[in-house]
Every structure is written in structure tokens, then in C-alpha cells.
Number of protein chains: 2
Amino acid sequence: MFLSTNGNRHEDHWETREERELRNQTMTILQDQSTLSPELLHNIDSYWRAANYLSVGQIYLYDNPLLKRPLELSDIKHMLLGHWGTTPGQNFIYAHLNRAINQYDLDMIYVSGPGHGGPAVVANTYLEGTYSEIYPDISQDEEGLRKLFIQFSFPGGIPSHASPECPGSIHEGGELGYSLSHAFGAVFDNPELIVACVVGDGEAETGPLATAWHSNKFLNPASDGAVLPILHLNGYKIANPTVLARIEHEELDQLLRGYGWTPYFVEGNDPQAMHKAMAETLDAVIEQIHRIQSNARENGDLTRPRWPMIVLNSPKGWTGPKVVDDIPVEGTFHSHQVPLSDPATHPEHLPLIEDWLRSYRPEELFDKTGRLKPELANLAPKGDRRMGANPHANGGKLLRDLEMPNFRDYAVHVPEPGAQGIGDTHELGRFIRDVIQLNDDERNFRVFGPDETISNGLEAVFNVTDRQWDARTGVNDESLARSGRVMEMLSEHQCEGWLEGYLLTGRHGLFNCYEAFIHIVDSMFNQHAKWLKVTSELPWRKKIASLNYLLASHVWRQDHNGFTHQDPGFIDHVVNKKASVVRVYLPPDANCLLSVMDHCLRSRHYVNVVIAGKHPAPQWLTMETAEKHCAEGIGVWDWASNDDGGDPDVVMACCGDVPTLETLAAVTIMRQHLPELKIRVVNVVDLMKLQPPSEHPHGLSDDAFDALFTKDKPVIFAFHAYPWLIHRLTYRRTNHRNLHVRGYKEEGTITTPFDMTVLNDLDRFHLVMDVIDRLPQIGGRGITLKQHLANKLIEHREYICTHGQDMPEIRNWTWSSPE
Amino acid sequence: MFLSTNGNRHEDHWETREERELRNQTMTILQDQSTLSPELLHNIDSYWRAANYLSVGQIYLYDNPLLKRPLELSDIKHMLLGHWGTTPGQNFIYAHLNRAINQYDLDMIYVSGPGHGGPAVVANTYLEGTYSEIYPDISQDEEGLRKLFIQFSFPGGIPSHASPECPGSIHEGGELGYSLSHAFGAVFDNPELIVACVVGDGEAETGPLATAWHSNKFLNPASDGAVLPILHLNGYKIANPTVLARIEHEELDQLLRGYGWTPYFVEGNDPQAMHKAMAETLDAVIEQIHRIQSNARENGDLTRPRWPMIVLNSPKGWTGPKVVDDIPVEGTFHSHQVPLSDPATHPEHLPLIEDWLRSYRPEELFDKTGRLKPELANLAPKGDRRMGANPHANGGKLLRDLEMPNFRDYAVHVPEPGAQGIGDTHELGRFIRDVIQLNDDERNFRVFGPDETISNGLEAVFNVTDRQWDARTGVNDESLARSGRVMEMLSEHQCEGWLEGYLLTGRHGLFNCYEAFIHIVDSMFNQHAKWLKVTSELPWRKKIASLNYLLASHVWRQDHNGFTHQDPGFIDHVVNKKASVVRVYLPPDANCLLSVMDHCLRSRHYVNVVIAGKHPAPQWLTMETAEKHCAEGIGVWDWASNDDGGDPDVVMACCGDVPTLETLAAVTIMRQHLPELKIRVVNVVDLMKLQPPSEHPHGLSDDAFDALFTKDKPVIFAFHAYPWLIHRLTYRRTNHRNLHVRGYKEEGTITTPFDMTVLNDLDRFHLVMDVIDRLPQIGGRGITLKQHLANKLIEHREYICTHGQDMPEIRNWTWSSPE
């Protein structure tokens, strides 16, 4: 048992002078530490015991919550579920953070990274009083304790993680790896906030966590807050040791320093010594954080600091049973879940459970009514300083509307449909630029992306801001500064995690990404969507800003990327989640994109997926018509149709920018060759309009759907993504049997823009052939036209393989409105 | 320009003695290095220039491949696509690796981690001759050069990454982050193999790559090969610097040492000095690898070595244009793609392109026919030692069938349907155990999982093997050893990447994972499925073993995990990929699971997804019937049906273990209350049977489908996953309009097994109510029964909220066959 304050036994020659001074000052403080009286340390230990007692109680007790009588089998839950392993360590940390909050008047929240730390955060928010304030039924008395215990991992109760139901949580953590990214997202633009982020040593093996340590290169010590990582090195996962616990001490020290941190090690298992070490270390690191911040804020020194962090090396299942059935439990992976199981069939376990519970001496901690004794309750911070009550952890409370420019001011002039545009996302970039500028003072909007913001067409934002970057800079860098509204790291996980943390603490943002690679965060999206669903059902959780994805660089334009960059399936993934929280938009042109993005940035508590192109492309709608079209989400394009409001022969539906282009090109071919054909063009912006209203709140009524798509006419639907998604959304519709969908079907490589559509049968020629196939009344002219189009396809193939680009008639095609 | 062999300027006190000795020996060798004659270094430089010339040619040249005449605009491709930035550095590495292969007779393959290194690997495999052997049309002469140049990033040509079309590649790398995991997967059980793995410094920012450095804790120096990571620190991504290039040198050194590596830095931009430094360093690291290996193999010292690695710090776009249009290019992110663009509109660029190409002095490198001069061609390794020809990089060449135990020997005894089982995956575990044992000598089968192999029910494997682990061990560890067939790290990315590398080099494996968290590797699966699709179309690429997923711990059993652990959508994601490479199985019981897994382990070039439960569950089929059922993939369960081969009133379909249980329980309710109802039970094991044969090779014909599901009777389909997937697969079927699917719809938390089905309307009571709703002929008895079942649901809710477990009648329910 020793306090190894920073693990340094050789010269820190790599420290900056400023850093070394800070550290020396800190060491002096450590040695002078006299505020930690024995009484205070004793009380902290009692508080810890109380939290541990409540944690074990949650796992085991159905009744007899204060052990006022000997424990009986009927006091134990039938099914013993939960995880003890990480809990005592987190209780230890929480108790010490409480003291530090009081001592330094800290604005601090707590992120529980390790799996299954639910008992700890529930116990602590109950002890500090926030739990009972939110759930008055779980009162601070014996009956409240009984209910607190029963509800844990019990039907109708609460899960075993720091779930949304738990006050103070912004991070459920059922899926591991995102704690540190969330923590950093929370402190961006929150200069007074410190996030104490407990990182599990199991969690630390995940990829997202392994790169999240580098977040310190993106933090501005003046205008952002601080993250205090506490690596909880308890040594084991479910059934294995952890990697970081089984490398050499010096290696771990090097690794963390290599990541840019200054590690402080608190190691041991004797509670008294550990309390002292933890308290002194916490004082040291908080002082160091404050010195770094004042150095940046008062002296203007924004040199990247080596922020402090703590490595807490304590036994897994600390204070739990040492040995059970001759198997060592404390300090091994056997303490991961429920150390003493099944007293019904192992009656010898019952007294051991009782001994364990009584080892915390509940009678010293709670009064007869079951209330925490005042001298202990006093240890908790007060009011909003309690980590369970801190408003940052209920971000909707702090959320302010963005100042929004009028998106109509960015309108693309579209004198007639088909006017050539510069690339839709480039137009959007000007709008986003001004969103950034208008909210620059509020500092509550950021753009995130994996080094693709320019590639995705949003270069205009760099006219008013930079990429925030706190590592070294070079003479040829561009748009890189200590402070900026754009966060770019080549890790979709980091972008997503940072943005989630930013949103969860009450701010706004946008994630721009290549469409194919957004799948990298499929599982993170899952967890966030689940968070949104559950919090939307908790009245005390205020709504937060939506998570907005802009997916540019999409499947249909792959001139120099190819098959690996082609996957439009993220929306398939998204629409599996609750309809109440997901929205999908495919604006066909820039004015629609502007209208859609304005809507998304104003919305609350959704995930909005917006897919748009960045390449020059025809524009279809004036801003006035675009706004109306987007508000409706779907509609007939009269100007492209010739059914004159009557019955069409065929409906040409399209969704997505490239499918819209090909559809309109197909219409011009048909108008020329089959002029008597009555064609209706339907464009879909809001994909969820296609679902029945019973399935999605945006869903069209069946009558409205039938009015657009008819009850019996062929519908040729050109879709941006996998074609079967349209079938999945529309299979209950009257005219579904006549719906023929073209979309991406995993065909493609490096090739020309038009050839991508040809390879997937989505091109204008195939679309016309699809119409002919479904309208036998066209007769011989149809057969002739099909032959003509088949020849066109051969001509196309030969041309591109010779010239490396599309035929002039394709490249130069423009829509011309009918007379 | 300096050679900093290991960046150590302070004492390496953390080195082991053995390691320090190795290093000292290595330093001596370095100083004695005399094999690198000036002539050799000159020739290596020429070889590098040749590769650079071919790389620039690929990006630019449409004709005039040897610059026999002045460059004209018509010699340049219309669209200039490709990426120069990473290419010269990779050409440099490849040339030096060639020398080392020759000098030490190395069995080595090359993994190109950075994005868009295609021009380099294509150029080098062309220079060494493998390219022309595989593609005789791309011959080693002027005409071959012309074709080589044209095909790059050209319609009908090849992509810009190390795509499957490129010999020697096992890693396309369009999506970044997996190079190092692939490299380790390749060397497991390949003791003579060295994988030279170039890691991009952009790629190094991704989560998967950041944790992949830790793979060295899982490598056995005696029985596995070696990975030589070469961190290519060229400083920039698309438009940003990289993190690792902008931290302090000492920090990078610490980081890599903290990851357990011994870094050797080769830094500079002067080619001559860099050649010398790189050659000497390569000698040093190869010698060190050999010493580590002989120390392990001859001395039996399996202490984890600090393997050597190289940091190559060279300019991005090295040897390319220094400045273009007054913007610095070489050594900045501006060299990422095409440094000199669009000579048609910028005629001043044309002579610069020519100057650039001529700066490599092609006339010194190629003879008049366009063939590489013999003194340079001689530098390449010979035969299979060429990295483009190494059979490990075309793993199917080395693939041997697994020795398979007879799965029927593991049959669960099922005296009658409904016999209680111990949990299906536990039965499978015995079979996998023996697969491991039977192939122990061949060392060509491994099980991968994120610390879940026991949790997923495969504990039996630890009777015959261990988890391979080369970090420290402790007294309470279990099944942890220097050598073992199970690879467990808490990173789904690592498990997937290792397994992919293992399969791609001709071995077999199984990935076991919690169902919900397999989404973490959605995007990796995408890339592997794309690789399989493309390689299946290349005759010279031999088929490899299938990638087998066992998804246990599935959505329906969440007693102590909850909502975060509930997502059955991976199969939605999988079936978006080409039908020719994806298979999905949901065996309803253990005998079916055994039959399915036997099939999967024997199969080739697929991704097989198998979903199975681990909890005690009823068993339905004897091995004989199970084998037949699985071979058919779908079928009527006569023993549970009472339509006697005639027309049923209703079809009760089920897919998945829990849905099958609830369906059969619903059937017993109906048999009791509605005995005259003619019920047909259809069970689906092979999900793709539901699709039309035009969509998937396993698809049932429409006639066969109609014969099972009728043309007009109600079908109540209880499905394991999201219900709309069944609609997406069956929307073209005759009876689709009568298909009513129940499945998971994002409702759930911690609750009892049965309650999970209730929350999602998949339980027996809801299924019966669904039948009643669709059969009005049942009349008043139906209304009475519905009321009865609704009361049951209320009773259920009250019971679980009091007792924390399901009602006895649910827990104890068993199937009883009709008289």
C-alpha cells in the first residue's frame, strides 16, 4: 500500500518547464496537506460503507433493508442479478469526489465507464438525496430503502448500468468504450465544468476508448473545461484479466504519458491508507487542473498541458467476500457479478451474505428510520453541486435555442428546373458558416467530422472559424487554431462520442461524414437512440438537441474511391429504432437541403439523418417551392409531370439527388419517344412519409399515399439506397404490388458518376425500360425504344472505357421543361 | 537527416535484461553493417524511382508511358484521380523490404494500412513480375505499361487501394483502422511469417488501430510469426495534420513503448541518407525479430518480448512537386491527392507533370521495350518470396479442410419434443472443443471473442485449450496460457480483425459475441463481405474459409443486462450484402445448432451468421430430424401440427429459439381451447429460404413457398429479430398480404425471459390473440379466450413485479404431444 503520486522514478525530461513547475508546486501541497483530518477520513470511510451497503442491498435484498432482524431466505430476491465487481471502487471514487467538490466548490459530473456500475451511481445519488427528489416514492427511510433495493435488476425496475433513469448520468455505458469521448464532449465550451470520468480497465481495451485518450489534443484549456480520467485498474473483466493490469508498471506509465497525460497512481487495498492517498491525490490533481486553467486563462498560455489523471489500482469486488466455496473472490474476476449466489440451494451462503452486509455496520450509518446519519449526509455536496443534480447531466435544462440565420437567404437561384448547381453541400456550407457565426458568443454549436469537412463540401465554415487543435502546429497548416468550432479527428467514434457528450450537456451540433463509413458508429447510434427513447419517457429529463448527421460523399459518386466507399445502408439501420426518435431526409437539391437542415437544427430529441451530394448537380426547386415540398415531405412535381392532375399511366417516384436526376432524365426520354404517356413524378424528401402513420408519426395516411401513388398504376421508384428498404416501408400500401424499386445493389467500383447508376440499373435508360416492361399497351414502339436504349448502354460502356468519363450527352444533359 | 535507432536518450530502465542484450547486439550489428554497398543503395534508389515513376504514371498517363516523346495533353487522362501522398513512402518501404527478404530469405507479406496506397502496391507487384503473371495482358513492356497506367482509377479498371485485384494484398484498406489487426491475424500460427504492416498516421487515429497495438500481448513468439509495424509518419491526412506527427518526439516514443514496442526511428527527407538509415534499421529489426524468436524457440523463453517496430518519418508526397501555384505541396496535406491537376485548363501544369515524371529518369530504369533493367529486376525476391506472390496473401491456396468430429456424436437426446435442454450453446461447446482438439496439430482453427466465450456458453473449449495470453499472469487466472486456441480481448474490432487476418491467410475460425454488440463491427463486416464478393470473381484468388459468427446472449434473455444489450438487427445489416456471400441461420434447438455449425465450418467464402441461445431451453428435434430439417432449412413440423397434410386454418411460423418456444406454447393453448382449429407449424432455420430464388441462391421457389405457407391462410410469424425483415424478404410471395409478423420492436429492459416476449407482443398469449383476430369464424369462443388471455397477461405482470420471476405455469410449461 503506497501512494505513488506520479510514478516518476526517473527524470521527467519530456516535461515542459511550466509543467514541471506545476508538478513541483503540487508535490509541495501534497506534503503540506493538512485539511484531511482523521475525522474527515473516518467519515468518508463511513460514507463509502453506506454506499457499499446500499449496493449489496440492491443486488440481494427483497426485504429487511436495515437488517433489523436476522436475515432470512425470504429477505433475498428470487433471482440474484447484478454486478458487484466494479461497484465498491466506484463508490470509493464518488465519496472522494464529493469531498473535493465541497472543498473546491467544483462544478463536476460523473461518468461511469466500467460495465454494470449501476448499483454505485444509484446508491450515491440516493445518499446525496437527488434520487428521492426525483423519485419521491424511493424515500430516504426504511420503506424507501426497501423499494430502492427491490427495483434494481427487477422486472419493472432499473438496469444495472448508469441508465437514463439514474440522475446525474449522461452515459449509460451498457456498451463499453465511449466514456472518455462523452466526457470530452461534455466539457467542450464548459470552462468551469470538470467531468470525473471513470474508465474501466476492461473498457480501456476497446478501440474507441484507446483512441479517446488523445482527446486532450483537442481541448482548449481556456475556453473548455477539464476531464479528469480515473482509470479504474481493478484487474479483471468478465472472466479474464485486463491488458492494462498485466503490463509492467512503467509500461502503463509510459503509455499514459505517451497519450499526453500525467498519471497519478493510487494503489492498494487497505481502506484507511487508500482513503488518505486518494484524498491527497485528488487535491493534487484538482489543484493542478486549476493551475493549468489559470495559466491559460490569466497568462494566455495555451501550450498543450499534460493534464493530470488518476490510476486507481484497487481490488475488484473490494470489501466483498474474500473466498467463496474455496474460490478466491475479492480481487479476482469471480467477483464480477454476484459473489454469493443462490442461498436457496446453498443455505450456507445465507449467513455469508448477512455477514457481508453487516460488515458495513449499517447501524452506524443509518438511523432507525433508515435515514443516513446527519454527519454523513453532510459530506455530500449541496443543491446543484451534487453530481446527481448537476444540470449539465440533464442537458435539456441548459439548452438554448440556436440563433438561426434565415435559411431562405441562402437560396440558390433556380430560374428553371435543371439549372446547374455547384454541389448541394457547398451551398449548405454557407448556411452552416453563419449558424457558427451567429452562435459564436453562445459557444453552443459545433461541427464534427473525421477530417472530411472540406471533402464533404462545407469549406465555407472555415471562413469564420477553425478546427480546434491543441497539439503542435506547422507553417503549412490551414484553418487550425487553439479554438474553433470544428472538431476533426480521423475517428468516427470520437466524432460521434464527442458530439453525443456535447448534446447530452445541452448544446447543438452536426456530424458530417462519408456515407459508407458512418456504419463505423452503428452501435454508438444504437445506444444514443435508446437513450433518447428512454429519456423521452422520463418527465424530469428535459429534451436535448437532435443528433444531426450530414452524410455526403455518398454511394453514387465514386470516381476515385470505389467499392469500399459504397454503402447506403445506414438508414436501414436507423429505421430499426423507435419511430419516435428517428428521421431520415434525402433532399433532392440545395434549396431542399437548406430547408431540411434548418428544420433539423431546430428539432429536439431526434436523430436526423440527412443525405446530400457534394458534386455539381442540377437544381430543381426555387426556395419557395422547396420549402413547401420539404414541409410536406413528399409530393408530385407537377412541372415534371404531364398527367395534368388526372390518372397517370405510370408514376415515376424518386428519393435522393442522383435518383431524382436519373428519373427526370428518364422522363425526358419518354416525353420524346412516348409523348402520349401520362407520367406523374413524385419526389420523396422525408423518407418516413412512406410508412403508415401507425408505424411512424410522419407516415402518410393510406388515402394520401394512394392519391400520390395511385391504387393500381405501375410505380417505378428510383431510390438512393438499398431498394428493399422501400418495400419494407410500403408493404402495407394498396399499390405495393405495382411498386418496382431500383437502388444500390452492391454493384460498383471506381467508375464514372453515370456508370454507377448503370451498374445498379438505376440509370435513365433502365428506368425507361422498366416503364416499357410494365406498360404492354406501348406495344412495338416500346420494343424499338428498348433496343435503342440497350444500344445506348453499350455505347456508354465503350465510351467510358476509352475516354474515362461519361459521354457528352450524359455530362451535358439538362432538363428542359415541356412547352 | 539522422538515424535515430531507437529514440532512447535516457536510460531504458524498463527494459528486461534479455531485451537490453538483444538491443546491444543489434547496435553492434548496426555499426558493423557493411553489406550495404554504395552500389546496392544506388540500385535500391533506382528501384524506388522506378516504382515512383510507375505510380505517377498510373495517376496521369493515358499514353506515352515511357515518355519517348514530349508529353502532350492527349497523353494525360481526362479525369485525374488517385492519391499521391502516401505512395512514395510506401514505394520506399517496399523496395527496402525486398532487399531484406533477399538478404534473410524472409517469408514476408505486406499490408498497406494508409489510405489510397494502390499505386504503390500495383507498381511494386508489377516491377517484381507477379502482376503480369496474373494479368498477362499487363505485360512487362511498353504496351503493358500503357495498360497498367490507364486501368488505374479508370472505368473498368482498378481502385486506388490495395484492392483484391492486387496480388499480395490481404487488406484493401479503403476503410481505415484494421491493418494491424489483420497483420496479427495473419501471423498467428504462422511461425515463419513476418507481416510488414505499414500503419498510416491518419489511420493510427482510429479506435480499432489505437487498440490493435496491444496485439503484442497475444502473440506467442515460439508458435506465431512476427508483425513488423512501420508507422508511416508522413504528417498529414486529407486536410489536417495527424495527431501522432504533432506530439513531442518523446511522447511518441513513450506511447509506442507503453504499447509494448521498441520503436526505431528513421527520419528525414534526403533520399540517400534515408536509404542508408532504412536499410540499416531494417537489418537491425529483422535480426532482433530473429533473436527474439530463437530465444523463444530454442531457449524456451516465452517472456513477452518488446518487439521492434519502425517509425518512418518522411514527407507526404515525397519527391513530388515542391510547390504548385505558389502553394507548398511536398511535405504538406496538399500532396494527398493529385498535386498537379487539370492541365487542360492549367496548361502551365503540363510541363510540370513532365518534369516530375522525368525527374525519375525512366530511361535509366527501363529498356527501350519498357522492361525494367535486369540489374534492377534482380533486386526483387524470387518466386514465392515476392510479396505479391507469397501464398499467405492468397490464403485459399494454403487452406486445408478442418478435421471435423461427427456432429451427430454430440446429439442431445430428445425422447420427445419439449425435453428440457441445458442451453444450446453449451451443447455446441462440446463440439467446438473437439474441433479444437482434432485440429490441434494443424494449428489452423481458432475461436475469437471479446471475453465472452464462457458467458456465451462455450466453456467446454477450456477443457482442451486456453486463452492465448503473453502478458503477465496471476495465481487466480483460469485458462490463460502462452499458447491457446482462444483469443479474447475486450474489443470486437480486434476479434473481427484478427479473425479476418487468420481466414485471409488460409485458416478457419469462429467469432462468438453478444448479439447486440456485434454491431460494433458492422462496418468491418461490410468490408470483408465486399472483399469476398470481389475475390469470388477473380479466378486466381482461391476461396477461403467462411467467416462464422455465433451470436449468443441474444435479445430475448436480458435478466441482468437490459435495453442496451438488445439489438437483433445485425442480420438486417448482413442481408444487404451480396446474396452470394451471406448466410443466416437461426437453429431452434441444440441438435439443429450442431448441424448448422458443422455446415458453416465446412463452408467456403461466406459470412455465416448463427444465432443461438445459451439458457436452458426445450429441445424439439432428434438429431436425425434436426439434420434433415437443417438440410431443408425450413419445414413443417408435423408433430406439432394438426392439419394432417391438408389445408390448415392458420400457419404458425417461427424462426429463432424463443419464438419457436412461444409458438409451440401458443399451439398448446389453441389445442386446448380451440381443438377444431387446423394448425400448421412451420419452422425456419435458414432465413434466406424466405427470399425468392432470384434474390438468394437458397430461396424457395414460389411453389414450395406456397406449399408451406398456403396461398390464402393467415400466417402468424414469430421472429427472432425486427419483424419487418420478414416482410422485406417475402413481399413478393403470394400470401404476403396474410403474413402477420411479431418480433422485437425496441421494447424491453431488465426483466424476466417471458416478459421480454410480452413487452414485444411475441408471447404465446399475444400469438393466440393474433390468430383469433384473423379467424372471425372462431366467433364467441374467440372473444372469451382473448379475454382470458388478456387476464393472463395482467396476472403475469403482477406476478413478476412481486416475485421477480415468471409465474410457475410459464417457467414449468412443457410441450406435450397430442394423443
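Residues numbered from 1 in each chain as written. Chains lettered and ligands numbered in written order. Predicted model: local features only at pLDDT ≥ 70, side-chain atom pairs only at ≥ 80, totals over all residues.

Participant: Describe helix α20 (residues 657–673) of chain B, naming the residues involved and giving the relevant values.
Facilitator: All names here are of chain B. In this model α20 runs 25 Å from its N-terminal to its C-terminal C-alpha over 17 residues, within 8% of the 24 Å that 1.5 Å per residue would give. With 12 of 17 residues buried, α20 is to be regarded as a mostly interior element. Listed in full, the buried residues belonging to α20 are Asp657, Val658, Pro659, Thr660, Leu661, Glu662, Thr663, Leu664, Ala665, Ala666, Val667 and Met670. (Helix = DSSP H or I, 4+ residues; strand = E, 2+ residues; numbered from the N terminus. Expected span 1.5 Å × (residues − 1). Buried ≥ 20, exposed ≤ 12 C-beta atoms within 10 Å, placed from the backbone.)

Participant: Can you tell me about the pairing of strand β10 (residues 445–449) of chain A, naming the residues and giving the values?
Facilitator: Residues and elements named next belong to chain A. For β10, a buried count of five out of five residues is recorded, marking the element as mostly surrounded by other parts of the structure. Along β10, one buried face is formed by Phe445, Val447 and Gly449 and the opposite face, lined by Arg446 and Phe448, is buried too. The pairing of β10 with strand β14 (residues 508–514) spans four bridges and is classified as parallel. Bridging from a neighbouring strand, Val447 pairs with Leu510 of β14. Pairing between β10 and strand β13 (residues 486–488): three bridges, direction parallel. Its bridge partner lying in β13, Val447 is registered against Val486. (Pairing = 2+ DSSP bridges.)

Participant: Just give me the short version of the interface of chain B and chain A, but keep the residues and values in it.
Facilitator: Listed as interface residues are 105 residues of chain B and, on the opposing side, 105 residues of chain A. Mapped by element, the contributors of at least two residues to the side of chain B that touches chain A are α8 (207–212), α9 (249–258), α16 (522–536), α17 (570–574), α22 (724–730) and α25 (780–803) of chain B. Here the side of chain B that touches chain A is built from residues that sort into 32 nonpolar, 44 polar and 29 charged. (Contact = placed C-beta atoms within 7 Å. Nonpolar A, V, L, I, M, F, W, Y, C, P; charged D, E, K, R; others polar.)

Participant: Tell me about the domain arrangement of chain A, and please be specific about residues and values.
Facilitator: When the parts come together, some accessible area is lost, and that loss is often what is quoted as the size of the interface. Residue and element names in this part refer to chain A. Its domain assignment divides chain A into domain 1 (2–10 + 44–395), domain 2 (407–611) and domain 3 (638–811). A C-alpha centroid distance of 34 Å is found between domain 1 and domain 2. Contacts between the two partners involve 31 residues from domain 1 and, on the opposite side, 36 residues from domain 2. Per-element accounting of the side of domain 1 that touches domain 2 gives the leading share, six residues, to helix α7 (residues 179–187). Split into classes, the residues belonging to the side of domain 1 that touches domain 2 amount to 13 nonpolar, 12 polar and six charged. (Domains from an automatic or database assignment.)

Participant: Please provide a residue-by-residue account of the confidence of the model for chain A, values included.
Facilitator: For any part of a model where pLDDT is low, the fine detail of the predicted coordinates should not be relied upon. All names here are of chain A. Chain-level statistics for chain A give a pLDDT mean of 94 and a share of 96% at 70 or above. This model gives residues 1–15 a pLDDT under 50, and the stretch forms 35 contacts once residues within four places in sequence are excluded. With pLDDT under 50 throughout, residues 26–33 is counted as low confidence; its partners more than four residues away or in other chains account for 12 contacts. The ipTM value of the predicted complex is 0.95, and its pTM value is 0.95. (pLDDT = per-residue confidence, 0-100.)

Participant: A description of the relation of the copies chain B and chain A should follow, citing residues and the corresponding values.
Facilitator: For the pair chain B and chain A, the best superposition has an RMSD of 0.0 Å and corresponds to a rotation of 180° with a translation of 0.0 Å parallel to the axis. Classification of the inter-copy transformation places it as that of a two-fold axis. Considering only C-alpha atoms, the part of chain B nearest the rotation axis is Gly207 of chain B, at 1.9 Å. In this assembly the copies share their binding face: 100% of the residues contributing to the interface of chain B also contribute to that of chain A. (Least-squares fit on C-alpha atoms with pLDDT ≥ 70 in both.)

Participant: So what's going on with the sheet that holds strand β21 (residues 679–684) of chain B? Residues and values would help.
Facilitator: Residue and element names in this part refer to chain B. Across the sheet, five strands lie side by side as β19-β21-β20-β22-β23; this open sheet has mixed pairing. The two strands at the open ends of the sheet, each matched to only one other strand, are β19 (634–636) and β23 (739–742). This sheet shows a mean twist of 20° between the axes of neighbouring strands, independent of strand direction. Bridge analysis of strand β20 (residues 650–655) against β21 gives five bridges, and the strand direction is parallel. Among the inter-strand pairings, Cys654 is bridged to a residue of β21, identified as Asn683. Sitting on the sheet, α20 is in contact with β20, β21 and β22 (715–719), with an inclination near 155° to β20. (Axes fitted to C-alpha atoms, helices over the stretch in contact; angles between N-to-C directions.)

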